[in-house]
Amino acid sequence: MKKILPTLLAASAVIAAPTALAEGFYADGGYTFIGIDDDTVDVDLGSITARGGYDFTQNFGAELEGSFGVSDDDIAGASVELNYLIGAYGKAQLPVSQGVNLFARVGVVNAELEVSGEGASASESDTGFGFGVGGTVDVSQNLYVRGDYTRYDIEDLEADAFTISLGLKF
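Every value quoted in this text rests on a predicted model; they were computed, and no experiment measured them.

Rules behind the numbers
- Residues numbered from 1 in each chain as written.
- Predicted model: local features only at pLDDT ≥ 70, side-chain atom pairs only at ≥ 80, totals over all residues.
- Heavy atoms only, no water.
- Patch = residues over 30% accessible without salt bridge, like charges linked within 9 Å, V, L, I, M, F, W, Y side chains within 5 Å.
- Areas by Shrake-Rupley, 256 points an atom, 1.4 Å probe, with all protein chains shown as cover.
- Salt bridge = Lys/Arg side-chain N within 4 Å of Asp/Glu carboxyl O.
- Lys, Arg positive; Asp, Glu negative; His and termini not counted.
- Charge placed at Lys NZ, Arg CZ, Asp CG, Glu CD.
- Helix = DSSP H or I, 4+ residues; strand = E, 2+ residues; numbered from the N terminus.
- Buried < 20%, exposed > 50% of the residue type's maximum accessible area, 1.4 Å probe, protein only.

Asks: Please give an account of a negative patch on the surface that cites residues and values.
Replies: On the surface, D37, D38, D39, D42 and D44 cluster together into a patch of negative charge. Locating D39 in the fold gives a position in the loop between β1 (24-37) and β2 (42-55). By relative accessible area, D39 is classed as exposed at 82%.

Asks: Pulling in residues and values, what's your account of the pattern of salt bridges?
Replies: Evaluated as defined, the whole model comprises twelve salt bridges. We note a salt bridge from D28 to R51, for which the minimum N-O separation is 4.0 Å. Placement of the pair is D28 in strand β1 and R51 in strand β2, with a sequence separation of 23 residues. Residue classification places D28 among the buried residues on the basis of a relative accessible area of 5%. The closest approach of N and O atoms between E63 and R146, which form a salt bridge, is 2.9 Å. Note that E63 is positioned in strand β3 (residues 60-71) and R146 in strand β8 (residues 143-154), a separation of 83 residues in sequence. Classification of E63 by relative accessible area gives buried; the value is 2%. Members of the salt-bridge network, linked through shared partners, are D28, R51, E63, E65, R105, R146 and D148.

Asks: How would you explain a nonpolar patch on the surface if you had to name every residue and give the values?
Replies: Where nonpolar side chains cluster on the molecular surface, the patch consists of Y31, F33, I48, V70, V139, V145, F162, I164 and L166 and spans about 810 Å² of accessible area. When contributions to the nonpolar patch are tallied by element, the ones reaching two or more residues are β1 and β9 (157-169). Top contributing element to the nonpolar patch by residue count: β9, with three residues. You can see Y31 is positioned in strand β1.

Just distances and angles here, no functional claims.
Structural data, given as structure tokens:
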């Protein structure tokens, strides 16, 4: 019994170590370019995006996202701006080498756009889906750079978003 217990503890540590290293909280922030281009409208918007998440294993996690508009666009004399975009995602990821991960994510989002011009303004908030792909590259043990593409399908509107961000692992 005295020999079995240390052996079991050592085996458990070896099995759990890769998973423990992959688990944990993270947060990142950066800039997102959002392009809305369909038959009736062509709008380019910019936002500051913050994300926080938790990796349950090295292959699965969940994250929350919040974006707030900082760059508007004009259409026919009216200003279009993103007030906010929030979302919750499930994330599948694949470590491809030491410090490099690829991921895919899918989730539910809610966004509010505001159009204003000639003394009047209107805003509309709708819920839809977001799905995308991206990757992270570790700069140090706790610091990483993230790039991703997300497609938003909200009500009758589709948008493409490209984000570059800097993040911390906790």
